Amino acid sequence: MSYQKFSAKRSEVLTYRQQFAETWRDFIQANFESATEAAFVFRVDPSTAENWWQGSNAPQGWVVARALSDPATHDAALAAFGGR
């Protein structure tokens, strides 16, 4: 694979990561009153939840799976991440 092809694919991946961080931010802000509440629910550091709240980072897969499996957030998570 040439460097040019790899660069284009890397750009696509980074764009998707950025888009997912924004989608997660929207989900968190719509379903939690604050980053602090999200940190408590997902049992992550407050700084991690604050990064989610700001849209600068996205979670790992286990957090998304937890959002999908929790009855309190299942429907909203499915709508946000299930392609609806």
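Computed from a predicted model, the values in this text were never measured in an experiment.

Engineer: Tell me about the overall build of the protein, and please be specific about residues and values.
Structural biologist: Along its length, the protein carries five helices and zero strands. Shown N-terminal to C-terminal, the secondary structure of the protein runs as helices and strands in the order α-α-α-α-α. Here the protein, with 84 residues, has 24% of them falling under the buried criterion. For the protein, the proportion of contacts with a sequence separation of at least 24, taken over those separated by at least 6, is 49%. For the protein, the accessible surface area stands at approximately 5900 Å², while carbon and sulfur atoms represent 51% of it.

Engineer: So, the nonpolar core: which residues are in play, and what are the values?
Structural biologist: Within the largest apolar cluster, 16 residues are counted, with the highest numbers of intra-cluster contacts made by Trp24, Phe27, Ile28, Phe42, Ala49 and Trp52. For this core, the secondary-structure elements that each account for two or more residues are helix H1 (3-31), helix H2 (35-42), helix H3 (46-54) and helix H4 (61-69). In this structure phenylalanine 27 touches Phe32, Ala67, Thr73, Ala76, Ala77, Ala80 and Phe81, once residues within four positions along its chain are discounted.

Engineer: Could you give me a rundown of the side chain of threonine 73, with the residues and numbers involved?
Structural biologist: On the secondary structure map, threonine 73 appears in the loop between H4 and helix H5 (74-81). Among all residues touching threonine 73, those that are not within four sequence positions of it are Phe27, Phe32 and Ala67.

Engineer: If you had to explain the packing of H4 against H5 to someone new, which residues and values would you point to?
Structural biologist: The N-to-C vectors of H4 and H5 enclose an angle of 125 degrees; their axes lie 6 Å apart at closest approach. By the angle class used here, H4 and H5 are oblique. The segment H4 lies against H5, with Val64, Ala67 and Leu68 engaging His74, Ala77, Leu78 and Phe81.

Engineer: Report on the pattern of salt bridges, specifying residues and quantitative values.
Structural biologist: It is possible for side chains of opposite charge to pair when their charged atoms get near one another. In total, this model carries one salt bridge according to the counting rule given. As a salt-bridge pair, aspartate 26 and arginine 25 come within 3.0 Å of each other at their nearest N and O atoms. We classify aspartate 26 as partly exposed; its relative accessible area is 41%. Residue classification places arginine 25 among the partly exposed positions, given a relative accessible area of 23%.

Engineer: Explain unusual backbone geometry residue by residue, including any values.
Structural biologist: Unlike most non-glycine residues, arginine 43 shows phi in positive territory, near 55 degrees. Following the sequence through the fold, arginine 43 ends up in the loop between H2 and H3. Given a relative accessible area of 63%, arginine 43 falls into the exposed group.

Engineer: Could you give an account of the environment of alanine 30, naming the residues involved and the relevant values?
Structural biologist: Residue placement: alanine 30 occurs in helix H1. Distance from alanine 30 to alanine 76, taken between C-alpha atoms, is 8.8 Å for residues 46 residues apart in sequence.

About the thresholds
Every residue gets a number counted from 1 within its own chain, in the order that chain's sequence is written. Predicted model: local features are reported for residues with pLDDT of at least 70 only, side-chain atom pairs are reported and counted for 80 or more only, and whole-chain, interface and lining totals are derived from all residues. Heavy atoms throughout the structure, all of them, feed into the side-chain values; hydrogens and water do not. Each helix is a run of H or I in the DSSP string that is no shorter than four residues. Each strand is a run of E no shorter than two, and both are numbered from the N terminus. The classification of residues rests on relative accessible area computed with a 1.4 Å probe and restricted to protein chains. Under 20% of the type maximum is buried, over 50% is exposed, and intermediate values are partly exposed. The criterion used for residue contact is that any of the two residues' heavy atoms lie within 4.5 Å. All accessible-area figures derive from a Shrake-Rupley calculation using a 1.4 Å probe, and residue coverage is judged against the displayed protein chains alone. In this text, buried Ala, Val, Leu, Ile, Met, Phe, Trp, Tyr and Cys residues form a nonpolar core when linked through side-chain atoms within 4.5 Å. Convention adopted: a line fitted to C-alpha atoms gives each axis, helices being fitted over their contacting stretch, and angles between N-to-C directions are expressed from 0 to 180 degrees. Angles are sorted into four bins: roughly parallel if under 35 degrees, roughly antiparallel if over 145, roughly perpendicular if 65 to 115, and oblique for all others. Think of a salt bridge as a Lys or Arg side-chain nitrogen and an Asp or Glu carboxyl oxygen that are within 4 Å of each other.

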